[in-house]
Amino acid sequence: MIVDLRRVVAAAVVKAVAEVTSETIDIPSVEDPPRPEFGDLAIPVALELGRSLGRPPRQLAEELIEWLEANPVAGVSRWQIAGPGYLNAFFDRGWVFDQILGTLDSVSDEQRLPASVDTKQIVEHTSINPNKAAHIGHLRNACLGDTLARVVRSQGIDVEVQNYIDDTGVQVADVVLGFTEIRGLDAEAVAALPDPFDYACWDLYTEVTELLENNEVLQARRREVLLSLERQSGPEAELGAIIADRITRCHIATMERLGIRYDLLVREGDVVGLELWATALERLSTSDRVYFADGGKHDGCWMMRLEGLPGFEDLEEPNKVLVRSNGAATYVAKDIAYHMWKYGLLDDVFAYESYAEILDTHVAYRSARPGSANARSMPGRFGGARSGFNVIDVRQSYLQQIVGVALTALSRDSEIEVSHTHFSYEMVALTPRTAETLGIPVAKDDQCKAYIEMSGRRGYGVKADDLLDVLEKRGATEVAKRNPALDAAEVEELGRQIAVGALRYFLVKFSRNKVIAFDLEEALSFEGETGPYLQYAAVRAHSIFAKLEERWGKSEEEVVGEARSMLVAGRLGSELVGEEASELWNLIVQLMRLEYVIEQTVTNLEISTLAKHAFGLAQAFNHFYHRYPILKEENETKRALRILLAYVFRVHFSEVLSLLGIPVPERM
RNA sequence: GCGCCCUUAGCUCAAUUGGAUAGAGCGUCUGGCUACGGACCAGGAGGCUGGGGGUUCGAGUCCUCCAGGGCGCGCCA
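Residues numbered from 1 in each chain as written. Chains lettered and ligands numbered in written order. Predicted model: local features only at pLDDT ≥ 70, side-chain atom pairs only at ≥ 80, totals over all residues. Heavy atoms only, no water.

**Q** Mind showing me how you'd approach the domain arrangement of chain A here?
**A** How big an interface is tends to be stated in terms of accessible area lost as the parts join. Splitting chain A by domain gives domain 1 (5-91), domain 2 (432-524) and domain 3 (531-659). Using C-alpha coordinates to define each centre, domain 1 is positioned 47 Å away from domain 2. (Domains from an automatic or database assignment.)

Take a look at the structure:
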């Protein structure tokens, strides 16, 4: 990663403040100036401090600058006071560019912090009910989660990606009913059904839902099935397991199309079957938060006390049932048990089996019962983290809060500090016109609405695989149009990469707490602020070197090497002045922001920050590309400088795209 | 009833967490190179940041009231 002088500058300012005013301050805010003539970084510290010290900001700023000039900072060439009292820092361009060139040698084997259990973080995402095909809403979850995992991992932290499979819930029970009551199929027959199995279940699920309405007999059957699933005995449980397994494999395959992978799939059935919950309750019952209701409305239930806690004020029902009077644990209770294991508050009782092996490079494991075929215990391998993120939509905030309350109570008692963060995001809906093209009935009242909610139960939604198919086809068409000589296989592969870029960028470019009104036409667009625009910038950077090789017969390495030796370190500063240099410099300054952007992305849990940054980089490069040709340039020094800049961009921009999971095509 | 979220250009969204002249994309209008590929670039028009009050050197951002919209509060998951 390119060195960010932000921290260095901030530290220098802290020291300057201490020396000049004998005040100790926290890390001051360091901003990017709105205009280039204000320098490369702006620190409004004198504005803030001036007030508390009762001194004119500009005067204070002058004293600070005096000190800073007397105690130079490597990389900063000069300071300036501007506006009401900003400290503006101007970088030593030659020094910076020299540093950046240094990163080119080590960028591939960047120094990563050693991974250890102490720093392990668990990112849970996807966690789709295994009863039907994944839709666009699930993709938002998976893309956010996968990108978060990539970003955290890039910080040298060992990330374990988990996907929770709720295979014992009503949603699966409904599809079990569908197969038995509507289709008249048993487990064996269902196992033999052709693909796409998840599509078949999508339709079946809506059929059952309709049938279940006002049908008390069927509703009673569902309760039986549910019990059977939870006990994991009987033909319904066998059928449920087949459904959950087949659907999960479909989901894994869908996500693999987007480059999204998992380390571990934990099945709720195993949490229940291995009595993780029973142990969890034992532990929980010692806490004053958990009690057994004897009499009253919740007679015979185990309850969690929420009243009086922040965030739970004035609820109609202040407490939450954990175990029903019939002895069955609720969903949130099982989730609490799962999270206790996740964070090492319960022993690892699971066995693990290799579930999905992908291209010999990655294995996704799945929880299993000890003693079952192909399963073995793997002590210390999974779970037992001290912190983690749950990527779950905002509607589950209430339940996530309850999990948090349990974890807090337990970690206090056991003196183990656990950090559990709900990475919440808003839902994906459909624009009315997209809903209509999909054949979803839109009521007259809803036509002017900004969006129409999706409904898995009714089958209203955009299936992930359908969308990917359309995008891939469109990508391939566009590639073929521009590259008539390419063979079909390559066109198809490029179409695939473009589809992934388009979809992934689309799903992370919005702030997470904004409802996305999914519009098919907009998502199919490859122009403007889209994934393909970013990919196009990378392709252009690449094609410069391809052309250079074609014309000069020199490899990228040789070309870059020659350019570097032409611009000796000492001379760089003098080359980096003037109008052209200032425009090139803009690109460098933006590249330097990456470290800061990643920091912001993680602390705010806002992936869109990184996405917007990537878009800004692509824009800056396209500007440079258009304005400053390389092959045509005859001045060798200028050409060398541009070559190096294009190369630096290419290397670092590829890194940014890979953080976003966006493939970098060689041509488009 | 209580809680959380949203409201910024015609549309979809940003705005470095309180900083300098509120920026992008789409759409619209005007212009661009025999090419390192036009999935691009340059420029124009387009804003009382939903409304009122407050906090301060400084507010799209914070506090408060109001309006409109969404979500959540189950012995469902």
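**Q** Whenever I open this one, the pattern of salt bridges confuses me. Can you help?
**A** Side-chain pairs of opposite charge can arise where the charged atoms are in close proximity. With the rule as written, the count across this model stands at 46 salt bridges. Salt-bridge contacts for Asp-270 lead to Arg-369; the nearest nitrogen and oxygen are separated by 3.2 Å. A residue pair is termed long-range when its members are at least 10 positions apart, and Asp-270 in helix 11 (residues 268-273) and Arg-369 in the loop between strand 11 (362-368) and strand 12 (387-393) qualify at 99 residues. Given a relative accessible area of 2%, Asp-270 falls into the buried group. A relative accessible area of 28% means that Arg-369 is categorised as partly exposed. Shared partners join several salt bridges into a network, and the residues in it are Asp-4, Arg-6, Asp-32 and Arg-593. (Salt bridge = Lys/Arg side-chain N within 4 Å of Asp/Glu carboxyl O. Helix = DSSP H or I, 4+ residues; strand = E, 2+ residues; numbered from the N terminus. Buried < 20%, exposed > 50% of the residue type's maximum accessible area, 1.4 Å probe, protein only.)

**Q** Explain the side chain of Arg-504 here, please?
**A** Mapping Arg-504 onto the fold places it in helix 17 (residues 488-508). At a separation of 2.8 Å, a polar atom in the side chain of Arg-504 contacts the main-chain carbonyl oxygen of Leu-258. When neighbours within four sequence positions are excluded, Arg-504 is seen to be in contact with Cys-143, Asp-146, Thr-147, Arg-150, Leu-258, Gly-259, Ile-260, Leu-660, Gly-661 and Ile-662. (Polar contact = N/O pair within 3.5 Å; in protein donor to acceptor, adjacent residues only side chain to side chain. Contact = heavy atoms within 4.5 Å.)

**Q** It is not clear to me how the nonpolar core should be interpreted in this structure. Could you clarify?
**A** In a soluble, globular protein the nonpolar side chains are often hidden away together inside. Among the nonpolar cores identified, the biggest contains 145 residues, and Trp-79, Ile-136, Leu-534 and Phe-653 are the most heavily contacted of them. Residue contributions to this core peak at 14 residues, all from helix 25 (residues 636-659). For Leu-534, the residues in contact, after removing those within four places along its chain, are Tyr-505, Ala-614, Phe-615, Ala-618, Phe-653, Leu-657 and Ile-662. (Core = buried A, V, L, I, M, F, W, Y, C linked by side-chain atoms within 4.5 Å.)

**Q** I keep staring at the protein's contact with RNA strand B and nothing clicks. Help me out?
**A** Inspection of the region around RNA strand B gives 74 residues, with Arg-35, Tyr-86, Ser-511, Tyr-596 and Asn-604 positioned closest. What you see for RNA strand B is that sugar and phosphate hold 61% of its atoms within 4 Å of the protein. Gly-528 places a main-chain nitrogen or oxygen 3.2 Å from a phosphate oxygen of RNA strand B. Between a sugar or linking oxygen of RNA strand B and a side-chain N or O atom of Gln-619, the distance comes to 3.3 Å. Residue assignment for the surface near RNA strand B shows that the elements contributing at least two residues are helix 2 (45-53), strand 3 (86-91), helix 14 (397-414), helix 16 (464-482), helix 19 (531-552) and helix 24 (607-627). In terms of residue class, the surface near RNA strand B is made up of 31 nonpolar, 16 polar and 27 charged. (Near = heavy atom within 4 Å. Nonpolar A, V, L, I, M, F, W, Y, C, P; charged D, E, K, R; others polar.)

**Q** Would you explain helix 23 (residues 594-603) in this entry?
**A** Taken together, the buried positions of helix 23 are occupied by Leu-594, Val-597, Ile-598 and Thr-601. Projected down its long axis, helix 23 carries its buried residues within an arc of 100°, all on one side. Residues of helix 23 that are buried in the fold lie against helix 5 (136-154), helix 22 (578-592), helix 24 and helix 25. Trailing helix 23 by a residue or two, Leu-605 shows a phi angle of about 50°, which is positive. (Arc of directions from axis to C-beta.)

**Q** What is the right way to look at the packing of aromatic side chains in this model?
**A** How two aromatic rings sit relative to each other is given by the distance of their centres and the angle of their planes. In total, this model carries 17 aromatic pairs according to the counting rule given. Pairing Tyr-338 with Trp-341 gives two aromatic rings, centres 6.1 Å apart and planes at 20°, and the pair type is stacked. You can see Tyr-338 and its partner Trp-341 sitting in helix 13 (residues 331-342), three residues apart, about one turn around the helix. Just as Tyr-338 is buried, Trp-341 falls in that class too. What links up through ring pairs into an aromatic cluster is the set Tyr-164, Tyr-338, Trp-341, Phe-350, Tyr-352, Tyr-365 and Phe-382. (Phe/Tyr/Trp six-rings, centres within 6.5 Å; stacked < 30°, edge-to-face > 60°.)

**Q** What should I look at first to understand the sheet that holds strand 11 in this one?
**A** Whether parallel or antiparallel, the strands of a sheet pair through hydrogen bonds between backbone atoms. With mixed pairing, seven strands are arranged side by side in an open sheet as 10-11-6-5-4-12-13. Only two strands of the sheet have a single neighbouring strand rather than two, namely strand 10 (351-358) and strand 13 (419-425). On average, adjacent strands in this sheet sit at an angle of 25° to one another, irrespective of strand direction. Helix 5 contacts strand 4 (121-124), strand 5 (159-165), strand 12 and strand 13 of the sheet and is inclined by roughly 160° relative to strand 12. On top of the sheet, helix 13 reaches strand 4, strand 5, strand 6 (264-267), strand 10, strand 12 and strand 13; it is set at about 160° to strand 5, its chief contact. (Pairing = 2+ DSSP bridges. Axes fitted to C-alpha atoms, helices over the stretch in contact; angles between N-to-C directions.)

**Q** What should I look at first to understand the pairing of strand 3 in this one?
**A** Burial analysis of strand 3 places five of its six residues in the buried class, the great majority of the element. Where strand 1 (residues 41-43) meets strand 3, three bridges bridge the pair, whose relative direction is antiparallel. Opposite Leu-41, over in strand 3, you have Ala-89 as the bridge partner. Taking the residues between adjacent antiparallel strands as the criterion, strand 2 (residues 76-82) and strand 3 are bridged by three residues, where Gly-83 takes a positive phi near 55°.

**Q** Help me understand unusual backbone geometry, please; the structure alone is not making it clear to me.
**A** What you tend to see is this: most non-glycine residues have negative phi, and most peptide bonds are trans. The omega torsion across Asp-195 and Pro-196 is -5°, close enough to zero to call that bond cis. Note that Pro-196 resides in the loop between helix 7 (187-191) and helix 8 (197-212). Although it is not a glycine, Asn-214 sits at a positive phi angle of roughly 60°. Structurally, Asn-214 is set in the loop between helix 8 and helix 9 (216-231). Judged by relative accessible area, Asn-214 falls into the exposed class, the value being 77%. Positive phi, normally seen in glycine, also occurs at Gln-232, with a value near 55°. By secondary structure assignment, the location of Gln-232 is in the loop between helix 9 and helix 10 (235-257). Assessed through its relative accessible area of 32%, Gln-232 is described here as partly exposed.

**Q** Help me understand the state of the cysteines, please; the structure alone is not making it clear to me.
**A** Among covalent bonds in proteins, the disulfide is the one between the sulfur atoms of two cysteines. Under the criterion given, the structure shown has zero disulfides. Cysteine Cys-201 remains unbridged, with the sulfur of Cys-250 as its closest cysteine sulfur at 7.9 Å. Since its relative accessible area comes to 15%, Cys-250 is described here as buried. (Disulfide = S-S within 2.5 Å.)

**Q** Is there a simple way to think about the sheet that holds strand 1 in this case?
**A** Read from one edge of the open sheet, three strands run 1-3-2, paired in antiparallel fashion. At either end of the open sheet lies a strand with only one pairing partner, and these are strand 1 and strand 2. Going from strand to strand, the sheet's axes swing by 25° on average, the running direction of each strand aside. For strand 2 and strand 3, the ladder comprises six bridges, and the chain directions are antiparallel. Residue Trp-79 lies in a different strand from strand 3, and its bridge partner there is Ala-89. Sheet strands touched by helix 1 (residues 5-21): strand 1, strand 2 and strand 3. Its angle to strand 1, the strand with the most contacts, is close to 30°.

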